[in-house]
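Close look at the chain arrangement
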Amino acid sequence: MSDTDFITAFAPASIGNVGVGFDMLGLAIAGTGDWVSARRSDERGVRIIEVQEISGEVHPFLSSNTDENTASIAAISLWDAEGNDSGIELIVKKGIPLQSGMGSSAASAVAAVVAVNGLLDNPLEKAALLIHALAGEKFASGGLHADNVAPSLFGGMVLCPQVLLPDTVQLAVPEGISSVLVHPELQVNTAESRKGLASGYSMHQWLTQQGFLAGFIAACEQGDVELLGRCLRDEVIEPQRAASVPCFGEVQKAAMNAEALGCSLSGSGPSIFALCRDANAANVAMAMEQGCRKLGYECESWISPLNAPGAEIETRK
Ligand code: HSE
């Protein structure tokens, strides 16, 4: 490989919060994600050559200003920390819709650090890349939370409470369970959505949600599907955000009628996810799509195993 060759990394979309663990729990999704290609350049610093749509056309909405893109912010964090005095150039390709609640900004940041890591003389372990990807994500969401970055980087389901960062815990996932993610054609700005959340909560809410999160994690570890279904609930954040996704109630009802184990917003929405038995996933996806369309929202859906892979280098050329 020569110094002017590109390294291209792919990072998957993700479900933030997984309903039950606000800012603390994230799940990788197979089948959609972002790509970042990186190469060395003689000019110092980090430059974005282009931000592209999935088609390869120039992205109509995203800035290629390095101060305003999660990929370049994350890349700068890593490149500077490793003391490099040459420069790098990036091409960002977006496969994930913007402001979709599918971890779009996180995936770009993660793909960037994985690609840039491949350019280092001594590449770091994946775990050491997390803080650099978080630097990019923080710019987009206005908060420090790893529930999109961590699953996009590591794959699977990851516990990532702020108090533990940069440590994260990879959770076991029960066999025979899939996630279904439906993206209605709406947008929700995560930073704005976060500003609208209450800053104080009652003892009852704290105890309830803590119980659901603990029960959910135990259910994952023990493969207890029935307990998982009882615990996959958000009584604190979901009620505050549901109104920003007009089809949410209808889609949630449709998913539960189709025997999903649980259904909630993905991150700040508008995407909505459900967990269900593998054999039931196609039905649940169809019911959720019908729920969106019934209220006039076009949509797209993905069915994914719970152990979807994390970010990887795809090509070097
Ligand atoms: N935990 C974040 C939130 C995820 O819910 O605001 C955003 O995708």
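As the structure is a prediction and not an experimental result, all values here were calculated from the model. (Residues numbered from 1 in each chain as written. Predicted model: local features only at pLDDT ≥ 70, side-chain atom pairs only at ≥ 80, totals over all residues. Heavy atoms only, no water.)

Let us look at the overall build of the protein chain. Along the backbone of the protein chain there are 10 helices and 11 strands. With 317 residues in all, the protein chain has 56% of them scored as buried. Within the protein chain, contacts between residues separated by at least 24 positions form 74% of all contacts whose residues are at least 6 apart in sequence. Carbon and sulfur atoms make up 50% of the accessible area of the protein chain, which totals about 13,300 Å². Charge centroids of the protein chain, computed over 19 positive and 37 negative side chains, lie 3 Å from each other. (Helix = DSSP H or I, 4+ residues; strand = E, 2+ residues; numbered from the N terminus. Buried < 20%, exposed > 50% of the residue type's maximum accessible area, 1.4 Å probe, protein only. Contact = heavy atoms within 4.5 Å. Areas by Shrake-Rupley, 256 points an atom, 1.4 Å probe, with all protein chains shown as cover. Lys, Arg positive; Asp, Glu negative; His and termini not counted. Charge placed at Lys NZ, Arg CZ, Asp CG, Glu CD.)

The biggest cluster of nonpolar side chains holds 70 residues, and the ones touching the most others in it are Leu25, Leu90, Val110, Val114, Val116, Phe216 and Leu275. No fewer than three residues from each of domain 1 (3-171) and domain 2 (177-305) sit in this core. Not counting residues up to four positions away in its chain, the partners in contact with Leu90 are Val36, Ser37, Ala38, Val46, Arg47, Ile48, Ile49, Glu50, Ala71, Ser72, Ala75 and Val116. Counting 24 residues, the second largest nonpolar core, distinct from the first, contains Val182, Val245, Ala254 and Met288. (Core = buried A, V, L, I, M, F, W, Y, C linked by side-chain atoms within 4.5 Å. Domains from an automatic or database assignment.)

With that settled, consider the site of the ligand. As a structural note, the neighbourhood of the ligand is formed by Asn17, Phe22, Asp23, His145, Asp147, Asn148, Thr190, Arg194, Arg241, Gly267 and Ser268. Asn148 has a polar side-chain atom sitting 2.9 Å from an oxygen atom of the ligand. Within the side chain of Arg241, an N or O atom sits 2.7 Å from an oxygen atom of the ligand. Partitioned by chemical class, the residues of the shell around the ligand number one nonpolar, six polar and four charged. Summarising the domain contributions, the shell around the ligand has at least three residues from each of domain 1 (3-171) and domain 2 (177-305). (Near = heavy atom within 4 Å. Polar contact = N/O pair within 3.5 Å; in protein donor to acceptor, adjacent residues only side chain to side chain. Nonpolar A, V, L, I, M, F, W, Y, C, P; charged D, E, K, R; others polar.)

Moving on: the domain arrangement of the protein chain. Each assigned domain of the protein chain is listed here: domain 1 (3-171) and domain 2 (177-305). For domain 1 versus domain 2, the distance between C-alpha centres works out to 24 Å. Contact residues are listed per partner, giving 31 residues for domain 1 and 36 residues for domain 2. Between domain 1 and domain 2, a total of about 2,500 Å² is buried, with carbon and sulfur atoms accounting for 64% of that surface. In terms of surface lost to domain 2, no three residues of domain 1 exceed Val20, Phe22 and Gln99, which account for 25% of the buried area on that side. In this structure, the connection of domain 1 to domain 2 is made through one salt bridge. Of the charged contacts, one joins Asp23 and Arg194 as a salt bridge, the two residues approaching to 2.8 Å between their closest N and O atoms. (Buried area = accessible area lost by both parts, 1.4 Å probe. Salt bridge = Lys/Arg side-chain N within 4 Å of Asp/Glu carboxyl O.)

Attention now goes to the environment of Lys294. Following the sequence through the fold, Lys294 ends up in helix 10 (residues 281-294). By relative accessible area, Lys294 is classed as exposed at 60%. Along the primary structure Lys294 and Val251 are separated by 43 residues, whereas in three dimensions their C-alpha atoms are 9.3 Å apart.

Below, the discussion takes up the sheet that holds strand 8 (residues 262-265). What the four strands build is an open sheet, ordered 8-9-7-10; its pairing is antiparallel. Bordering the open sheet on either side are strand 8 and strand 10 (299-305), each of which pairs with just one other strand. Geometrically, the sheet is characterised by an average inter-axis angle of 20° between neighbouring strands, direction not taken into account. As paired strands, strand 7 (residues 177-184) and strand 9 (residues 272-277) are joined by six bridges and run antiparallel to one another. Bridge assignment links Ile177 to a residue of strand 9, and that residue is Arg277. (Pairing = 2+ DSSP bridges. Axes fitted to C-alpha atoms, helices over the stretch in contact; angles between N-to-C directions.)

When their charged atoms lie close together, side chains carrying opposite charge are able to pair. This model, assessed by the stated rule, comprises 13 salt bridges. Residue Lys253 pairs with Glu250 through a salt bridge whose shortest N-O separation is 3.9 Å. In this pair, Lys253 and Glu250 are both assigned in helix 9 (residues 248-257), three residues apart and thus about one turn of the helix distant. In this structure Lys253 comes out as partly exposed when scored by relative accessible area, which is 47%.

On the surface, a nonpolar cluster with roughly 270 Å² of combined accessible area is contributed by Val163, Leu164 and Val169. Residue position: Leu164 is located in the loop between strand 5 (157-159) and strand 6 (169-171). (Patch = residues over 30% accessible without salt bridge, like charges linked within 9 Å, V, L, I, M, F, W, Y side chains within 5 Å.)

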